[in-house]
Amino acid sequence: MTAVLVKGGTVVTSTETLKADVRVENGRIAGVGADLSSHEAHIIDATGKLVLPGGVDVHTHFNLEVGGLKVADGFHEGTRSAACGGTTTIVEHPGFTEDGSITAPIANYRKQAQNNCVTDYALHGVVAKVGENTKDDLAALVREGIPSVKVYMTYAGRLNDEEMIRVLEIMKAEHGLVTVHAENHEVIAELTRRLKDEGRLAPTSHPLSRPGYCEAEAVERMIALSRAAGNAPLYIVHLSTGAGLEAIRRAKAEGLPVYAETCPQYLLLTDDEYAREGDDALKYVLSPPLRKREDCEALWQGLADGSIDTVATDHCSFNLSQKTARGRDNIFACPGGIPGAETRLPLLYSEGVAKGRITLNRFVELVSTAPARIMGLAPAKGDIAPGADADIVILDPERKVTISPETLCHNADYNPYEGFVATGWPETVLLRGEAIIENNEFREREALGRFIERSRFTE
Ligand code: URP
Ligand code: ZN
Ligand code: ZN
């Protein structure tokens, strides 16, 4: 494998910003420093560019099938899209199966992902039923390098509070992490029933059926369940509200092991999108729904002050044509989810760093270092340091890209940020020293992504 020397750029980690070269040997970072040289290395000129650790997106749904509908971006297209946006490792959330098996979705997803991913990849487990095999199945999952599971407080695969405590206890004993989709199911069911009875089936009913207090209550309850399980580690996915954030702040202030993830859509888009004309509003159907401007501002504050730990995407790209076919006459039948993996780094850089909401180092922490650490991918991922995998993003801070499905490489037939102009875009992306994106072009070749066995939760 040819050595690589990234020369003349500004290396940014979660703690440091320095003018330095990066030497890569055998897919790993071999040195970071001034005026490095390397015999017969391939030189990449990074003058005027930022040299960052590859992005780590710990919440994707690239292989999801729900109600007979499959998302538009499979593992190949999804990871290609993620790579084009500067992400080099993803952690996929499998959907639940009807019988609630913990092991079957993992075997299926591993098969689908093998030799099919452009980036490195890992998996979360999912627990949709608790029974006599749960303890053994979860122990086996953690041994397989999958030390986190997702549980749902809503949808068909939801668990009740007692089952949640059981899963939290088991995962704590296994040094694993429970991630949770926190929304109050009973309230959503009741509000949905009322809206349906009144014949209110337009997109504006989507946020009305799942108000912010549903999330805040569920986050608060989940923290209580984690206490009941002996302060089991808890990770709240796709946090969307200021009220939910307040519950997380209180838990963190007490020193509880509670972590929070938000996504760009909850920082940048609001529920005004549901009032769009025609089918356009369907583009924004996802759960939790988009919230108010005040929620976006509260979440930005949470990113800046450390109350929110990571920014992931919840990339779940049903096509607009699929959303329209099911949801045009009844919003409650519309498949939920939006594409986002490709725009995560550029939007957070452009709207966060360039607009002065977060620092450059905090940006790196949120999109790479913290997700890698919390999800057991460090020290190989999430840093530019000797010994780490040479997953490197060379970002041009001046490049402006107008977002649209035509300028991006995802498969979905729309993009929720269409028309946004991002300032700053990844130009070259290395995965373990190999260029997967070079000068803004995806390098079509065999899929280099490997399954990453993650370490147990140690924070
Ligand atoms: O609507 C969404 N976000 N679908 C993806 C599944 C989930 O709840 O994360
Ligand atoms: Zn979810
Ligand atoms: Zn999700």
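Structural data are supplied above this passage.
Just so it is clear, the model here is predicted, and its values are computed rather than measured. (Residues numbered from 1 in each chain as written. Chains lettered and ligands numbered in written order. Predicted model: local features only at pLDDT ≥ 70, side-chain atom pairs only at ≥ 80, totals over all residues. Heavy atoms only, no water.)

**Student:** Help me understand the nonpolar core in this model?
**Tutor:** Across soluble globular proteins, nonpolar side chains have a tendency to be buried as a group. Among the nonpolar cores identified, the biggest contains 104 residues, and Leu348 and Phe363 are the most heavily contacted of them. When residues of this core are sorted by domain, at least three fall in each of domain 1 (3–52 + 385–442) and domain 2 (55–374). Leaving out residues up to four positions away in the same chain, Leu348 has contacts with Leu267, Trp300, Leu303, Val311, Thr343, Val353, Ile358, Phe363, Leu366 and Val367. Formed by 17 residues, the second largest nonpolar core is a distinct cluster that contains Val51, Ile384, Ala390 and Leu430. (Core = buried A, V, L, I, M, F, W, Y, C linked by side-chain atoms within 4.5 Å. Buried < 20%, exposed > 50% of the residue type's maximum accessible area, 1.4 Å probe, protein only. Domains from an automatic or database assignment. Contact = heavy atoms within 4.5 Å.)

**Student:** How should I be thinking about the packing of aromatic side chains in this particular structure?
**Tutor:** Centre-to-centre distance and the angle between the planes together describe a pair of aromatic rings. Per the counting criterion, the structure on display carries eight aromatic pairs. Geometrically, the ring pair formed by Phe75 and Tyr121 is tilted, given 6.4 Å between the ring centres and 45° between the ring planes. Note that Phe75 is positioned in helix α1 (residues 75–84) and Tyr121 in strand β12 (residues 120–123), a separation of 46 residues in sequence. Here the aromatic rings of Tyr152 and Tyr155 are separated by 5.6 Å at their centres, their planes lie at 50°, and the arrangement is tilted. Taken together, Phe75, Tyr109, Tyr121 and Phe451 form an aromatic cluster joined through their ring pairs. Lying across the ring of Phe451, Arg110 places its NZ or CZ 3.7 Å from the centre. (Phe/Tyr/Trp six-rings, centres within 6.5 Å; stacked < 30°, edge-to-face > 60°. Helix = DSSP H or I, 4+ residues; strand = E, 2+ residues; numbered from the N terminus. Lys NZ or Arg CZ within 6 Å of the ring centre and 35° of its normal.)

**Student:** What's the story with the state of the cysteines in this structure? I'm lost.
**Tutor:** In a disulfide, the sulfur atoms of two cysteines are covalently bonded to one another. Evaluation of the coordinates by the stated rule reveals one disulfide. With its sulfur 2.3 Å from that of its partner, Cys84 forms a disulfide with Cys409. With Cys84 in helix α1 and Cys409 in the loop between β19 (392–402) and β20 (421–431), this pair connects stretches of sequence that are 325 residues apart. Residue Cys84 is classed as buried on the basis of its relative accessible area, which comes to 11%. Of all cysteine sulfurs, the one in Cys84 lies closest to Cys117, which takes part in no disulfide; the gap is 14 Å. On the basis of relative accessibility, which here comes to 0%, the residue Cys117 falls in the buried class. The closest cysteine sulfur to the non-disulfide-bonded Cys316 is located on Cys334, 11 Å from its own sulfur. When its relative accessible area of 5% is taken as the criterion, Cys316 is described as buried. (Disulfide = S-S within 2.5 Å.)

**Student:** Any chance you could explain the coordination of the zinc ion (ligand 3) here in plain terms?
**Tutor:** A four-donor tetrahedral metal ideally has 109.5 degree angles, and a six-donor octahedral metal ideally has angles of 90 or 180 degrees. In the first shell of the zinc ion (ligand 3), the protein supplies His59 (NE2), His61 (NE2) and Asp314 (OD), at 2.0 to 2.1 Å from the metal. Because the angles between the four donor atoms bound to the zinc ion (ligand 3) fall within 88 to 136°, the donor set is best described as irregular. The sequence pattern formed by the donor residues of the zinc ion (ligand 3) is H-x1-H-x252-D. Separating the zinc ion (ligand 3) from the zinc ion (ligand 2) is a gap of 3.7 Å. Remark: Asp314 occurs in the loop between β18 (310–311) and α11 (320–327) and His61 occurs in the loop between β8 (55–60) and β9 (65–66); sequence separation between them is 253 residues. Considered together, His61 and Asp314 belong to a single accessibility category, that of buried residues. (Donors = N, O, S within 2.8 Å, 3.2 Å for Na, K, Ca; no water. Tetrahedral: all angles 85-135°; square planar, octahedral: opposite > 155°, others 65-115°.)

**Student:** Which parts of the structure should I look at to understand the site of ligand 1?
**Tutor:** Around ligand 1, the neighbouring residues are His59, His61, Lys150, Tyr155, His181, His238, Leu286, Ser287, Asp314, Cys316, Gly336 and Gly337. Contact between ligand 1 and His238: an oxygen atom at 3.5 Å from a side-chain N or O atom of the residue. The contact in question runs from an oxygen atom of ligand 1 to an N or O atom on the backbone of Gly337, over 3.4 Å. Within the complex, 94% of the 270 Å² of free accessible area of ligand 1 lies under protein. Split by residue class, the shell around ligand 1 holds three nonpolar, seven polar and two charged. (Near = heavy atom within 4 Å. Polar contact = N/O pair within 3.5 Å; in protein donor to acceptor, adjacent residues only side chain to side chain. Areas by Shrake-Rupley, 256 points an atom, 1.4 Å probe, with all protein chains shown as cover. Nonpolar A, V, L, I, M, F, W, Y, C, P; charged D, E, K, R; others polar.)

**Student:** For this particular structure, what's the right way to read the pattern of salt bridges?
**Tutor:** Note on pairing: side chains with opposite charge can pair once their charged atoms come close. Evaluation of the coordinates by the stated rule reveals 35 salt bridges. Here Glu254 and Arg227 are joined by a salt bridge, their closest N and O atoms 2.9 Å apart. Placement of Glu254 in the loop between α8 (242–253) and β17 (258–262) and of Arg227 in helix α7 (residues 212–228) is noted, with a sequence separation of 27 residues between them. In this structure Arg227 comes out as partly exposed when scored by relative accessible area, which is 39%. Close ionic contact of Glu365 with Arg373 constitutes a salt bridge, the shortest N to O distance being 3.4 Å. When its relative accessible area of 37% is taken as the criterion, Arg373 is described as partly exposed. (Salt bridge = Lys/Arg side-chain N within 4 Å of Asp/Glu carboxyl O.)

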